[in-house]
Amino acid sequence: MSHPSVEHRRVLAAAVLGREPAAPSTGAEDGEPLRAVTGEIRDISPHLIVVETPEGGEERLIIAPWATAWHGGDTPPGDLPVGARVTMRALRDGRVVERIWADTIRLTGTIVSIDGRKDITVKLDCGPHRGRRTAIIPYRASGRLRVRHPQFEPGYLFDAIGVRKDGVSLALLPATSQPSHPAPPPPYTGMQPNISGTITWSDIFDAEERGAAYPMVEPSDAACPDAGMSCAGLPYLAIGSLLHVRNVCASRSASMPIVACGCVAGRFCDRCVQCGTSPRGRIAELAPASFVELGGELIDGCFNAQIGWG
Amino acid sequence: MGVTHVLASQLPVLIVLLSLGTVAKIAAIRSGSPGTLAQLGPAVLVPDRFRRAALLCCAVAEAGLAAGLLVTAHPLFRWATVAFCAMSTYILLELRRRRPDAGCGCFGEVSSAPVGWRSIGRTVVLTGMAGMSVWAEGPGWLAFAHPSWEYLLAGVVVLALLSPEIETLAERARYRAPCEQRRGPAESVTLTRLRSSEAWQAHEAHLSTAEPYDSWRELCWRFFAFRNHDEHDVVFAVSLAGRRPTVRVAVVGSEDSKPLPVYKPVSV
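Peer 1: Talk me through the domain arrangement of chain A; I want residue IDs and the actual numbers.
Peer 2: Note on interface size: it is often stated as the accessible area lost on association of the parts. Residue and element names in this part refer to chain A. Taken domain by domain, chain A holds domain 1 (6-29 + 192-309), domain 2 (35-102) and domain 3 (105-174). When each unit is reduced to the centre of its C-alpha atoms, the spacing between domain 2 and domain 3 is 27 Å. Counting from both sides, the interface comprises four residues of domain 2 and, opposite them, six residues of domain 3. Ranking the residues of domain 2 by area buried against domain 3 places Trp70, His71 and Gly72 at the top, with a combined share of 95%. Counting across the interface, domain 2 meets domain 3 through zero salt bridges. Our count for the domain 2 to domain 3 interface comes out at zero residue pairs in polar contact (both at pLDDT 80 or more). Among the residues making up the side of domain 2 that touches domain 3, the classes are represented as two nonpolar, two polar and no charged.

Peer 1: Quick one: what's the story with the state of the cysteines, residue by residue and with numbers?
Peer 2: All names here are of chain A. Per the stated rule, a full pass over the model turns up three disulfides over all chains. The residue that forms a disulfide with Cys249 is Cys275, at a sulfur-sulfur distance of 2.2 Å. As the torsion about the S-S bond is roughly -80°, the Cys249-Cys275 disulfide counts as left-handed. You can see Cys249 sitting in the loop between strand S15 (242-247) and strand S16 (252-261) and its partner Cys275 sitting in the loop between helix H4 (263-267) and strand S17 (282-286), a full 26 residues away along the chain. For Cys249, a relative accessible area of 32% puts it in the partly exposed group. A disulfide bridge connects Cys272 with Cys302, and the sulfur atoms are separated by 2.2 Å. The chirality of the disulfide connecting Cys272 with Cys302 is right-handed, given an S-S dihedral of about 85°. On the criterion of sequence distance, the pair formed by Cys272 in the loop between H4 and S17 and Cys302 in strand S18 (residues 302-309) is long-range, its members being 30 residues apart. Comparing Cys272 with Cys302 shows no difference in burial state: the two are buried. Just so you know, Cys126 is unpaired, no disulfide at all, and the nearest cysteine sulfur is the one on Cys263, 10 Å from it.

Peer 1: Go over the side chain of Glu218 of chain A, please, and point to the residues and values.
Peer 2: Relative to the helices and strands, Glu218 of chain A is located in the loop between strand S14 (212-214) and helix H3 (219-222). Reaching out from Glu218 of chain A, the side chain makes a polar contact with the side chain of Arg217 of chain B at a distance of 2.6 Å.

Peer 1: An account of the confidence of the model for chain B is needed here, citing residue identities and associated values.
Peer 2: Mean pLDDT over chain B works out to 82, with 91% of the residues at or above the 70 mark. Low pLDDT, under 50, characterises residues 256-268 of chain B; the predicted model gives this stretch 29 contacts beyond four residues in sequence or across chains.

Peer 1: Which residues make up the pattern of salt bridges, and what values do they have?
Peer 2: One side chain can pair with another of opposite charge once the charged atoms of both are near each other. Summed over all chains, the structure comprises 24 salt bridges over all chains. With its nearest N and O atoms 3.1 Å apart, the salt bridge here joins Arg99 of chain A to Glu297 of chain A. Remark: Glu297 of chain A occurs in the loop between helix H5 (288-293) and S18 and Arg99 of chain A occurs in strand S7 (residues 96-102); sequence separation between them is 198 residues. Judged by its relative accessible area of 16%, Glu297 of chain A falls in the buried class. In this structure, the salt-bridge partner of Arg217 of chain B is Glu218 of chain A, at a minimum N-O distance of 2.6 Å. Placement of Arg217 of chain B in strand S1 (residues 214-218) and of Glu218 of chain A in the loop between S14 and H3 is noted, with the two residues assigned to different chains. As far as burial versus exposure is concerned, Arg217 of chain B and Glu218 of chain A are alike and both buried.

Peer 1: I'd like to hear about the nonpolar core, residue by residue, with values.
Peer 2: By size, the foremost hydrophobic cluster in this structure holds 63 residues, and its most contacted members are Ile137, Phe158, Ile199, Tyr214, Leu243, Val245 and Ile307 of chain A. Among the elements that make up this core, the one with the highest residue count is strand S11 (residues 157-165) of chain A (five residues).

Peer 1: So what's going on with the environment of Ser255 of chain A? Residues and values would help.
Peer 2: Residue and element names in this part refer to chain A. By the element assignment, Ser255 lies in strand S16. The class for Ser255 is buried, based on a relative accessible area of 11%. Along the chain, Ser255 and Ala212 lie 43 residues apart, while their C-alpha atoms are 9.9 Å from each other. Those residues within four positions of Ser255 in sequence are excluded, and the remaining contacts are Ala23, Pro24, Ser25, Leu242, Leu243 and His244. A polar contact of 2.6 Å, which involves the side chain of Ser255, links it to the side chain of His244.

Peer 1: Please give an account of the interface of chain A and chain B that cites residues and values.
Peer 2: Taken together, the contacts link 36 residues of chain A with 40 residues of chain B. Buried surface at the junction of chain A and chain B, summed over both partners, amounts to about 3200 Å²; 62% is from carbon and sulfur atoms. At the surface where chain A touches chain B, the tally comes to three salt bridges. Among the ionic pairs, Asp214 of chain B bridges to Arg9 of chain A, the shortest N-O distance being 2.9 Å. Taken together, the connections running from chain A to chain B amount to ten residue pairs in polar contact (both at pLDDT 80 or more). When residues of the side of chain A that touches chain B are traced back to their parent elements, those giving at least two are helix H1 (6-17) and H3 of chain A. In terms of residues, the side of chain A that touches chain B owes the most to one element, H1 of chain A, which gives eight residues.

Peer 1: Describe the packing of aromatic side chains, and please don't skip the residues or the numbers.
Peer 2: Residues and elements named next belong to chain B. Counted under the stated rule, the structure contains seven aromatic pairs over all chains. On the numbers, 5.8 Å between centres and 85° between planes, the contact of Trp79 with Trp135 is edge-to-face. Of this pair, Trp79 sits in helix H5 (residues 75-98) while Trp135 sits in the loop between helix H6 (117-133) and helix H7 (140-145), and the two are 56 residues apart along the sequence. For Trp135, a relative accessible area of 58% corresponds to the exposed category. Taken together, a centroid distance of 5.7 Å and an interplanar angle of 85° make the contact between Phe226 and Phe236 edge-to-face.

Definitions and limits used
Residues numbered from 1 in each chain as written. Chains lettered and ligands numbered in written order. Predicted model: local features only at pLDDT ≥ 70, side-chain atom pairs only at ≥ 80, totals over all residues. Heavy atoms only, no water. Domains from an automatic or database assignment. Contact = heavy atoms within 4.5 Å. Buried area = accessible area lost by both parts, 1.4 Å probe. Salt bridge = Lys/Arg side-chain N within 4 Å of Asp/Glu carboxyl O. Polar contact = N/O pair within 3.5 Å; in protein donor to acceptor, adjacent residues only side chain to side chain. Nonpolar A, V, L, I, M, F, W, Y, C, P; charged D, E, K, R; others polar. Disulfide = S-S within 2.5 Å. Helix = DSSP H or I, 4+ residues; strand = E, 2+ residues; numbered from the N terminus. Buried < 20%, exposed > 50% of the residue type's maximum accessible area, 1.4 Å probe, protein only. pLDDT = per-residue confidence, 0-100. Core = buried A, V, L, I, M, F, W, Y, C linked by side-chain atoms within 4.5 Å. Phe/Tyr/Trp six-rings, centres within 6.5 Å; stacked < 30°, edge-to-face > 60°.

In structure tokens, the structure reads:
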């Protein structure tokens, strides 16, 4: 079934159940609000960055003296190449940049094939909506990646962060540790008002998009045959429902709509260890902009989170 | 006569188990998301695209054997059953070695617990039972008609002790997931429920189409959105909990005429 207006679903559901319709929002419990800016670098100096936003506009932002950048490795912001696609975390009403990630990609999926001895070529099945992707693991990164993927063979899950260079996807950092055997689903513990787990990000969203891909949607509603599976004991929600996400590590929270089916996230049963050990299971994949505005660090790949809905 | 009785005593058990296996496997294939099949033996031993076919093949073989044992006394079916059970034992051993996390899939989705010695023991016992039945006189339906209760019961008890599925079923009944986490009935089933409700009958005349333009599920509710003749939205929410579902309805003005709900809850 097509979705004539998934935003309208919130209004209709609120009306029929007699509750107040909620709207997406962001909010920091402490500290100042963060803004994510995405775009393509037009010009860069150690103190100023000019980017072209996806809508075609231009943004001139000040680079803070303490700012750091990542482009396959830590690098001074002034050394980033012109033309790189960046996601930035900005402070002070979004005018001062303190963290830049350039050409950063995330390779999440099931391994289809592995070739090569030194530089390894991995083919990934990224789920029914996202198709297949091919990534290269350079020799220098392979040890680090394989130690976090104890079952590095076709049929097992793979999740890595990397960069796109000259049209090639390089996987460089492991996102999380994968368990050596798939874990059984958690025992039933009743419906908790707040569910905890790990929240990750994905690069399949449009550049400026904000929202989440949620695994527990009815397969027939979302035209997503693999959905409805989760390790975190999640309830069923719909595309268009509002999800309240709280980043436990950074004490920031936001409400965002569910915009896609997150069936790939539902297959993972790993934990996030950014601040303490999270319960097992991925709750959702966020758009990079939403992830950054919640205080997430793209190259860490996840944060411990609690969710609510309504 | 006594020996014949003993030999034929396990035929009903074999026939019932083979039929149950067929039904459960077909159910797993029908409902099965690829994720479920990826955790069930023997499907996990074959490449992804053959999984459904492998499980279907097993189900067809079991159905064929059950039918053969039931209606004829031909040794072909008897020996084939022995071979099938012996091969199952080998496959389970292989499964335990190669994929210790996968379930045996003997009874479809219920057998999702990792293969243990009990499941393997069960196939060994079944092989023995099948071997015993080879020399039994008369077709299976005769054994159903004149069962030797004590041997039959003994067989059932042994198999029950070796079946981890019974515990899985008991656990599922005990710890039933709340409706927010359960897969809901199909959309058409819920729509039929809606159409038999009072709320539907009260609003049906005002709707411009009989089919909803949008439908979605959130927590324990399934929503159906319709348009009425004034181009307003008529939303029905059907509860997925309980046998007699609650149905609520609201008429929502179009987006430009801001003031929203004229809602009233109605129960069936």
